[in-house]
Amino acid sequence: MSLTPVPPLAPVAALALDDARELSPAAATITVIGPDALTLAVAASYPGATVRAFDDLTPLDHPAVGFTRFPLHPALFDGSDLVVGLLPKSIAELTDIASLAAGGVTADAIVTLAGRDKHMSRGMNTALESWFHDVSASRGRQKSRALRARGPQPGAPLPYPRHASVDVPFAIYARGGAFAGATLDIGTRALLDAFPAIFASHRGSIEHIVDLGCGTGVLATSAALRLPQARVTATDRSWAAVASTRLTVDHAGVGSRVTVTQDDAGATIADGTVDMVLFNPPFHDGAAVDEDMSHRMFRSAARMLRPGGSLAVVYNSHLRHRTALERIVGPTDQMSRTPKFTVTLSRRR
Ligand SMILES: C[S@@+](CC[C@H](N)C(=O)[O-])C[C@H]1O[C@@H](n2cnc3c(N)ncnc32)[C@H](O)[C@@H]1O
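A. Region of interest: the overall build of the protein chain. On a plain count of helices and strands, the protein chain comes out with ten helices and 16 strands. The dimensions of the protein chain, computed from C-alpha atoms along their principal axes, are 65 × 40 × 35 Å. Across the 349 residues of the protein chain, 47% fall into the buried class. When contacts within the protein chain are restricted to residue pairs at least 6 apart in sequence, long-range pairs at least 24 apart make up 66% of them.

Printed below as a string of structure tokens:
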């Protein structure tokens, strides 16, 4: 009897597990790429197997029973004869995973990663084909299917982390899953361009700055270089983001002043302790989703700011964030505006 309750699986995760059981019923060392619900179901289906798991959105110190959490590192795949999980969102993230898997799994290992048909592309097959000899797709079920890979072909240099210095005076380091990769996003560029106006408009000293949803840490690094006396906290819910940010700040020589945390909306930052928050909100397919997520993050920013502290936000000019910022944070001024991007500064009331 399993002591750990196994939560119900989403159809795509159930497909990944069923595909693994069909192709590799006797696996002994298993790597899971995906959420705990899938990892627990895998552990329950393979009693006695060693199970290691990576999930981009679950911090490594989160409790794990019956399996071990790993970062996206070669040790995650070392000696695995089965890799089962969910396809990541981007081809870059899949490439990061596949390159490490190819170097670690056994020669006869099965890899099966499932996704929703609408999120899958031919480029995902190509990414796997760069690292595995034999790649095919399962039959579809409930608008989902699995990509299967066999015959690892390690040897090429690992593609991630990669780095580049374009338009900023430091190298941007990126793991495959990090927002914008090793490039400068144009929204981030708009916020950097507004830095002179933002810092001139801020009232009071700046001892502690937060880069909320830090991605590769471009805003955190730029702020730390601009304000050599300030402490910076860079925070993101994604492991790939915090891993990238650590590399970016360390290589820029500001690592001793930048604390990097994996957190949901900066939840572990104490109330009223921050002088300025820099925020380039996450975006999705629908404006309504964008607004919900952004407003939640605005509330978090307001919570962590001291009264009189500033929140600088860049957003697509068609979004009506300014009214929400006035309501949630306080008086809000426009720092810059183009047809594409608006940058505002809100003062916490
Ligand atoms: C548009 S990107 C901006 C990244 C970076 N600040 C920049 O300007 O290049 C938004 C970031 O927010 C992060 N994010 C999304 N939801 C989050 C949440 N609930 N808590 C923390 N970070 C989140 C994403 O992982 C992503 O890295």
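That shown, we press on.
B. Spotlight on the domain arrangement of the protein chain. We note that the domain assignment places domain 1 (11-152) and domain 2 (162-347) within the protein chain. Each of domain 1 and domain 2 has a C-alpha centre, and the two are 32 Å apart. Opposite the eleven residues of domain 1 that make contact, domain 2 presents ten residues. Here the side of domain 1 that touches domain 2 is built from residues that sort into six nonpolar, two polar and three charged.

C. Local environment of the pairing of strand 6 (residues 132-137). Taken together, the five bridges between strand 6 and strand 7 (residues 144-152) define a ladder with antiparallel strand orientation. Each residue of the ladder has a partner; that of Asp134, found in strand 7, is Arg150. Linking strand 6 to strand 7, which pair antiparallel, is a turn of six residues; within it Gln142 sits at a positive phi near 45 degrees.

D. View of the sheet that holds strand 6. Within the open sheet, the seven strands sit side by side as 3-2-1-4-5-7-6. Their pairing is mixed. Each edge of the sheet is formed by a strand with only one pairing partner; in this case those strands are strand 3 (68-69) and strand 6. Sheet topology places strand 4 (residues 82-86) next to strand 5 (residues 110-116); five bridges connect them, and they run parallel. When the bridges of strand 5 are listed, Gly85 appears paired with Leu113. Each of strand 6 and strand 7 touches helix 4 (residues 122-129); the most contacted strand, strand 6, lies at about 155 degrees to it.

E. The sheet that holds strand 14 (residues 305-316), seen in detail. With respect to topology, seven strands assemble into an open sheet ordered 12-11-10-13-14-16-15, the strand pairing being mixed. Here the strands that pair on one side only, and so sit at the sheet edges, are strand 12 (258-262) and strand 15 (332-337). Each adjacent strand pair in this sheet contributes to an overall mean axis angle of 15 degrees, direction not counted. Sheet analysis places strand 15 next to strand 16 (residues 341-347), joined by five bridges and oriented antiparallel. Following the sheet pairing, Thr332 is matched in strand 16 by Ser346.

F. Up close: the nonpolar core. Among the nonpolar cores identified, the biggest contains 106 residues, and Ala16, Val42, Val277, Leu278, Ala301 and Ala312 are the most heavily contacted of them. It is helix 8 (residues 239-251) that contributes the most residues to this core, seven residues altogether. Mapped onto the domain boundaries, this core takes at least three residues apiece from domain 1 (11-152) and domain 2 (162-347). With near-sequence residues (within four places) excluded, Ala16 lies in contact with Leu38, Val84, Gly85, Leu86, Thr112, Leu113, Ala114 and Ala146.

G. Inspection of unusual backbone geometry at higher detail. Backbone torsion omega between Tyr160 and Pro161 reads -5 degrees, so that peptide bond is classified as cis. Inspection of the secondary structure assignment puts Pro161 in the loop between strand 7 and strand 8 (162-164). The phi dihedral of Gln142 falls on the positive side, at around 45 degrees, and the residue is not glycine. Of note, Gln142 is situated in the loop between strand 6 and strand 7. We classify Gln142 as exposed; it has 12 C-beta atoms within 10 Å. In this model, Asp167 sits at a positive phi of 70 degrees, which is unusual for a non-glycine residue. Looking at where Asp167 falls in the secondary structure, it is placed in the loop between strand 8 and strand 9 (172-174).

What counts, and where the lines are drawn
Residues numbered from 1 in each chain as written. Predicted model: local features only at pLDDT ≥ 70, side-chain atom pairs only at ≥ 80, totals over all residues. Helix = DSSP H or I, 4+ residues; strand = E, 2+ residues; numbered from the N terminus. Buried ≥ 20, exposed ≤ 12 C-beta atoms within 10 Å, placed from the backbone. Contact = placed C-beta atoms within 7 Å. Domains from an automatic or database assignment. Nonpolar A, V, L, I, M, F, W, Y, C, P; charged D, E, K, R; others polar. Pairing = 2+ DSSP bridges. Axes fitted to C-alpha atoms, helices over the stretch in contact; angles between N-to-C directions. Core = buried A, V, L, I, M, F, W, Y, C linked by C-beta atoms within 7 Å.

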